[in-house]
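# Survey of secondary and tertiary structure
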Amino acid sequence: MTTRIEQTFTALKANHKKALIPYIMAGDPNPSVTVDLLHQLVAHGADVIEVGLPFSDPMADGQTISLAGERALANGTSTREAIAMVKEFRKTNQTTPVLVMGYLNPMEITGYDAFVALCADAGIDGILLVDLPPHETDAKFSQSLSEHAINQIFLLAPTTQSERRAKVLERGSGFIYYVSVKGVTGSAQLNTQDVGAQVQAIKADTELPVCVGFGIRDGASAQAVAKFADGVIVGSELVKNFADVGTDKVKIDSAISQILAKMDELRTAIDS
């Protein structure tokens with residue numbers, strides 16, 4: 001069964017385009033913002049959207065996204081409520097792929113089968129669990145995702161050993177998420193030459209699209225990465241705009257305007 005993510009990358013490749021994949025944290029700065037923002041991201045060029053599931057101990061995330069998760073949790077956004085936001089988005093958008101990024105603990109609390117059922121019901125297309133590597137992934141869980149047309153997406157990093165890399169390429173689907181830096185989300189040290197060499201090496205061993213995230217901040221870095229990657233993932237640079245808005249509607253609206261302006265900048269840069 002072909003997934004929405006797979007269909008999207010096939011169409012992009014046919015049109016000689018690269019994917020723009022924004023990340024937002026569900027429930028940040030408050031739950032009422034998320035669904036409308038998902039639609040606005042699509043209107044401003046998103047090909048796939050990555051939605052963060054709030055978690056209290058996000059080991060892969062830097063300060064910007066960690067604080068976004070804290071804000072979402074403080075506003076009462078649970079895993080189930082985050083998934084429900086995607087379900088609401090699906091009522092009027094059945095085409096844009098959505099993947100959720102999170103951690104194993106909330107899924108274990110929910111229950112593997114219940115979590116997959118929730119995601120399938122909400123129209124979620126991909127799952128990326130940072131602390132569930134392929135060699136620890138239960139075959140039954142992977143099969144259940146496949147039966148519901150949900151891709152299981154794994155991370156590769158500059159430090160990934162060859163044995164684990166082989167497992168990622170074997171077990172992953174949808175696309176490979178390449179972490180461009182030795183660090184957490186929002187890291188600044190992006191060497192596009194090194195990233196290009198790594199991505200080309202990965203692409204030599206798989207037919208899956210390879211998308212690059214962590215450390216992409218502006219049109220110039222997005223354009224440089226898009227020359228060799230199949231997609232560009234941007235999170236902290238968007239999420240940071242909600243850092244100090246509180247409950248002030250004027251500040252929230254201004255932050256959203258800044259996010260969408262950044263989306264326009266990234267889309268233009270990638271397409272050029």
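Residues numbered from 1 in each chain as written. Predicted model: local features only at pLDDT ≥ 70, side-chain atom pairs only at ≥ 80, totals over all residues. Heavy atoms only, no water.

### Remarks on the nonpolar core
Ranked by size, the top nonpolar core spans 63 residues in total, and within it L41, V51, I127, Y178, V212, V232 and F242 carry the most contacts. Beyond its immediate stretch of four places on either side in the chain, V51 contacts Y23, I24, A26, L38, V86, V98, L99, V100 and M101. Formed by 28 residues, the second largest nonpolar core is a distinct cluster that contains A60, A72, Y103 and C211. (Core = buried A, V, L, I, M, F, W, Y, C linked by side-chain atoms within 4.5 Å. Buried < 20%, exposed > 50% of the residue type's maximum accessible area, 1.4 Å probe, protein only. Contact = heavy atoms within 4.5 Å.)

### Some points on the side chain of R71
If you trace the backbone, R71 turns up in helix α3 (residues 63–74). The exposure class of R71 is buried, given its relative accessible area of 18%. Excluding residues within four positions of it along the chain, R71 makes contact with D28, V239, F242 and A243. (Helix = DSSP H or I, 4+ residues; strand = E, 2+ residues; numbered from the N terminus.)

### Notes on helix α12 (residues 249–271)
Compared with an ideal rise of 1.5 Å per residue, which puts 23 residues at 33 Å, α12 spans 33 Å between its outermost C-alpha atoms and is within 8% of the ideal. Buried within α12 are the following residues: I252, A255, I256, I259, L260, K262, M263, L266, R267, A269 and I270. Contacts made by the buried residues of α12 are with β1 (19–25), α2 (31–43), α10 (219–226), β9 (231–234) and α11 (236–239). (Expected span 1.5 Å × (residues − 1).)

### What about unusual backbone geometry?
One can expect most non-glycine residues to show negative phi and most peptide bonds to be in trans. In this model, D28 is joined to P29 through a cis peptide bond whose omega is 0°. Inspection of the secondary structure puts P29 in the loop between β1 and α2. Located in the positive-phi region is F214, a residue other than glycine, with phi close to 75°. Examined against the element boundaries, F214 turns out to sit in the loop between β8 (210–213) and α10.

### Topic: the environment of V116
Among the secondary structure elements, V116 is positioned in helix α6 (residues 112–122). In this structure V116 touches F141, S144, L145, H148 and I150, once residues within four positions along its chain are discounted.

### Focus on empty space enclosed by the protein
Overall, the coordinates contain five cavities of 30 Å³ or more when judged by the stated rule. In terms of lining, the second largest cavity is formed by 14 residues, of which the most central are M25, L53, P58, D61 and Y103. Among the secondary structure elements, those contributing two or more residues to the lining of the second largest cavity are β1, α3 and β3 (98–102). Take the lining of the second largest cavity: its biggest share by element is three residues, from α3. (1 Å grid on protein atoms, 1.4 Å probe; cavity = no way out; pocket = protein on both sides within 12 Å on 5 of 7 lines; lining within 4 Å. Points joined across faces, edges and corners; volume = space filled by probe spheres on them.)

### Notes on the pattern of salt bridges
Under the definition given, this model contains 14 salt bridges. One salt bridge in this structure joins D230 and K203, with 2.6 Å as the shortest N-O distance. Of the two residues, D230 sits in the loop between α10 and β9 while K203 sits in helix α9 (residues 192–203), which places them 27 residues apart along the sequence. The closest approach of N and O atoms between K262 and E265, which form a salt bridge, is 3.0 Å. (Salt bridge = Lys/Arg side-chain N within 4 Å of Asp/Glu carboxyl O.)

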